[in-house]
Amino acid sequence: MGRSRYTITEPKAPHFVTCTVLHWIPVFTRPDTVDILFSSLRFMQAEGFKVYAYVILENHLHLIVQSDDLVRDMARFKQFTAKACLDYLKSRKVVTLLEQFAFYKKAHKSDRTYQFWQEGYHPELIQSDEMMRQKIDYIHQNPVKRGYVDVATHWRYSSARDYEGINGLLTVDKCW
């Protein structure tokens, strides 16, 4: 686990997590980079990783997730997506973003040229059905509060549609 002050006390329970791109750099404005996230989540779902809700914005994402080993699985998700997104940016010669990932990289990350994600993912244990509903609502309202859409179901990269009976881009578990 990273240097986060947040800890997972119940690694098999559902958690609300946030993954933030280093220095809030807007990477997920490109459908190809968002597809990297979806592909990774689908792969992990096939291995038993449960996604209850999600939203992907231009520089961060929120998830409610559960697995047999959340610490391990979140590390795998972040490592894979960081490498894949950086490889994508290199292949497209997106020099401005790559320079930012090199410039803002933490000094102790001396084993790499770039840092993609901020450290940690701020896990919050979902302790009740009420808390689950509150976090799902927070996730779905995030693009609305930011002024990107007027209605949560209009945000393409969110599970809001799934909770309204419309198939979204990623299958979610709605029973917890």
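The structure we're discussing is the one just above.
Since we're looking at a predicted model, the values are computed, not measured.

Focus: the side chain of Glu 58
Thought 1: In this structure, Glu 58 sits in the loop between strand S2 (50-56) and strand S3 (60-66).
Thought 2: At 2.8 Å, the side chain of Glu 58 forms a polar contact with the side chain of Arg 146.
Thought 3: Within polar-contact distance, the side chain of Glu 58 engages the side chain of Tyr 148 at 3.0 Å.
Thought 4: Contacts of Glu 58, omitting those with residues within four sequence positions, involve Ile 25, Pro 26, Val 27, Phe 28, Thr 29, Arg 146 and Tyr 148.

Here's the deal with the pattern of salt bridges
Thought 1: In the structure shown here, the tally under the stated rule is eight salt bridges.
Thought 2: Arg 76 is the salt-bridge partner of Glu 47, the closest N and O atoms lying 2.8 Å from each other. A residue pair is termed long-range when its members are at least 10 positions apart, and Glu 47 in the loop between helix H1 (31-46) and S2 and Arg 76 in helix H2 (residues 70-91) qualify at 29 residues.
Thought 3: A salt bridge links Glu 124 to Lys 135; its shortest N-O distance comes to 3.1 Å.

Overview of helix H4 (residues 129-145)
Think of an α-helix as turning once every 3.6 residues; residues three or four places apart then point the same way.
Thought 1: Taking 1.5 Å of rise per residue, 17 residues should cover 24 Å, and H4 covers 23 Å from first to last C-alpha, within 8% of that figure.
Thought 2: The axis of H4 is deflected most strongly, by about 30 degrees, at Ile 139, and proline Pro 143 appears within four residues downstream.
Thought 3: Taken together, the buried positions of H4 are Met 131, Met 132, Lys 135, Ile 136, Ile 139, His 140, Asn 142 and Pro 143.
Thought 4: The elements touched by buried residues of H4 are strand S1 (15-20), S2, S3 and strand S4 (124-125).
Thought 5: Two residues or fewer after H4 comes Gly 147, characterised by a positive phi angle close to 85 degrees.

Regarding the environment of Arg 30
Thought 1: Residue position: Arg 30 is located in the loop between S1 and H1.
Thought 2: Setting aside its immediate chain neighbours within four residues, Arg 30 contacts Tyr 88, Leu 89, Val 94 and Leu 97.

Let's talk about H1
Thought 1: The end-to-end C-alpha separation of H1 is 22 Å, in line with the 22 Å expected for 16 residues at 1.5 Å each.
Thought 2: Of all the positions in H1, only Thr 33, Val 34, Ile 36, Leu 37, Phe 38, Ser 40, Leu 41 and Met 44 are classed as buried.
Thought 3: Looking at the buried positions of H1, the neighbouring elements they touch are S2, S3 and H2.
Thought 4: Downstream of H1 by one or two residues, Gly 48 has phi in the positive range, about 105 degrees.

Re the packing of H1 against H2
Thought 1: Look at H1 against H2: their axes get within 10 Å of each other, and the N-to-C directions meet at 150 degrees. Our classification of the angle between H1 and H2 gives roughly antiparallel. For H1 against H2, the interelement crossing comes out right-handed. The segment H1 lies against H2, with Asp 32, Thr 33, Ile 36, Leu 37, Ser 40, Leu 41, Phe 43 and Met 44 engaging Asp 73, Arg 76, Phe 77, Phe 80, Thr 81, Ala 84, Cys 85 and Tyr 88.
Thought 2: Taken together, the residues that form the contact of H1 with H2 break down as 10 nonpolar, three polar and three charged.

Rules used throughout
Residues numbered from 1 in each chain as written. Predicted model: local features only at pLDDT ≥ 70, side-chain atom pairs only at ≥ 80, totals over all residues. Heavy atoms only, no water. Helix = DSSP H or I, 4+ residues; strand = E, 2+ residues; numbered from the N terminus. Polar contact = N/O pair within 3.5 Å; in protein donor to acceptor, adjacent residues only side chain to side chain. Contact = heavy atoms within 4.5 Å. Salt bridge = Lys/Arg side-chain N within 4 Å of Asp/Glu carboxyl O. Expected span 1.5 Å × (residues − 1). Bend = angle between axes of the 7 residues up to and from the residue. Buried < 20%, exposed > 50% of the residue type's maximum accessible area, 1.4 Å probe, protein only. Axes fitted to C-alpha atoms, helices over the stretch in contact; angles between N-to-C directions. Parallel < 35°, antiparallel > 145°, perpendicular 65-115°, else oblique. Left-handed = near helix turned anticlockwise from the far one by under 90°. Nonpolar A, V, L, I, M, F, W, Y, C, P; charged D, E, K, R; others polar.

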